[in-house]
Amino acid sequence: MTSKVSSTSNVILYFLAIFIPPAAVFFKRGLAADFWINILLWILGWIPGVIHAWYIISRSEGAM
């Protein structure tokens, strides 16, 4: 039986991604490559960082 991440935690991560995208990716994936990619995208512009964070949250079954 697999444990599923609750949708409530994902909603919280989506809101966190609006303000600090790398933090949301960190909580979902840890210090993996996705976190560092998101840091670079966030430095290049806020919107690419948010889009990438939302993509990671929607596509991964993270540790949260």
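About the criteria used
- Numbers given for residues are sequential positions, taken from 1 along each chain in its written order.
- Given that this is a predicted model, residues contribute local features only at a pLDDT of at least 70 and side-chain atom pairs are listed and counted only at 80 or more, while totals for whole chains, interfaces and linings are drawn from all residues.
- Note: side-chain values were computed over all heavy atoms of the structure, leaving out hydrogens and water.
- Under this scheme, a helix contributes an axis fitted over its contacting stretch, all axes are lines through C-alpha atoms, and angles between N-to-C directions fall in the 0 to 180 degree range.
- Note on conventions: DSSP H or I runs of at least 4 residues are helices, E runs of at least 2 residues are strands, and numbering of each starts at the N terminus.
- The cut-offs work like this: below 35 degrees is roughly parallel, past 145 is roughly antiparallel, 65 to 115 is roughly perpendicular, and the gaps in between are oblique.
- Note: crossing handedness is left-handed where the near helix turns anticlockwise from the far helix by less than a right angle, and right-handed where it turns clockwise.
- The contact rule is simple, with two residues in contact once any of their heavy atoms fall within 4.5 Å.
- We call Asp, Glu, Lys and Arg charged. Ala, Val, Leu, Ile, Met, Phe, Trp, Tyr, Cys and Pro are nonpolar, and the rest, Gly among them, are polar.
- Working definition: rings of Phe, Tyr and Trp (its six-membered ring) pair if their centres are within 6.5 Å, and the pair is stacked with planes under 30 degrees apart, edge-to-face with planes over 60 apart, and tilted otherwise.
- Relative accessibility decides the category of a residue: with a 1.4 Å probe and only protein chains considered, values under 20% of the type maximum give buried, values over 50% give exposed, and everything between is partly exposed.
- Without a salt bridge and with relative accessible area above 30%, a residue can belong to a patch; like charges are then joined within 9 Å and nonpolar side chains (Val, Leu, Ile, Met, Phe, Trp, Tyr) within 5 Å.
- Residue exposure ignores everything except the shown protein chains as possible cover, and the areas themselves are Shrake-Rupley values with a 1.4 Å probe.
- Salt bridges are defined by distance alone: a side-chain nitrogen of Lys or Arg within 4 Å of a carboxyl oxygen of Asp or Glu.

> Can you explain the packing of helix 1 (residues 7–19) against helix 4 (residues 46–59)? Please cite residues and give values.
Interhelical geometry of helix 1 versus helix 4 gives an angle of 170° and a closest axis separation of 9 Å. Overall, the two elements helix 1 and helix 4 adopt an arrangement that is roughly antiparallel. For the element pair helix 1 and helix 4, the recorded crossing hand is right-handed. Here N10, L13, Y14, A17 and I18 of helix 1 come into contact with helix 4, specifically with W46, V50, A53, W54, I57 and S58. Looking at the contact of helix 1 with helix 4 residue by residue, the class counts come to 9 nonpolar, 2 polar and no charged.

> Quick rundown of the packing of aromatic side chains? Include the residues and the values.
One pass over the structure, following the stated rule, counts 4 aromatic pairs. Ring geometry for Y14 against W54: centres 6.2 Å apart, planes inclined by 80°, an arrangement best described as edge-to-face. Within this pair, whereas Y14 is found in helix 1, its partner W54 is found in helix 4, the two being separated by 40 residues in sequence. The exposure class of Y14 is partly exposed, given its relative accessible area of 28%.

> Give a detailed account of a nonpolar patch on the surface, specifying residues and quantitative values.
Among the surface-exposed residues, F19, I20, W42, W46, I47 and I51 lie close enough to one another that they form a single nonpolar patch of about 650 Å² accessible area. Broken down by element, the residue count for the nonpolar patch peaks at 3 residues, all from helix 4. Relative to the elements of secondary structure, I47 occurs in helix 4.

> Go over the environment of F27, please, and point to the residues and values.
Looking at the element boundaries, F27 is found in helix 2 (residues 21–29). Sequence separation of F27 and I57 is 30 residues, and the distance between their C-alpha atoms is 9.5 Å.

It is worth stressing that arrangement in space is one thing and function is another; only the former is reported here.
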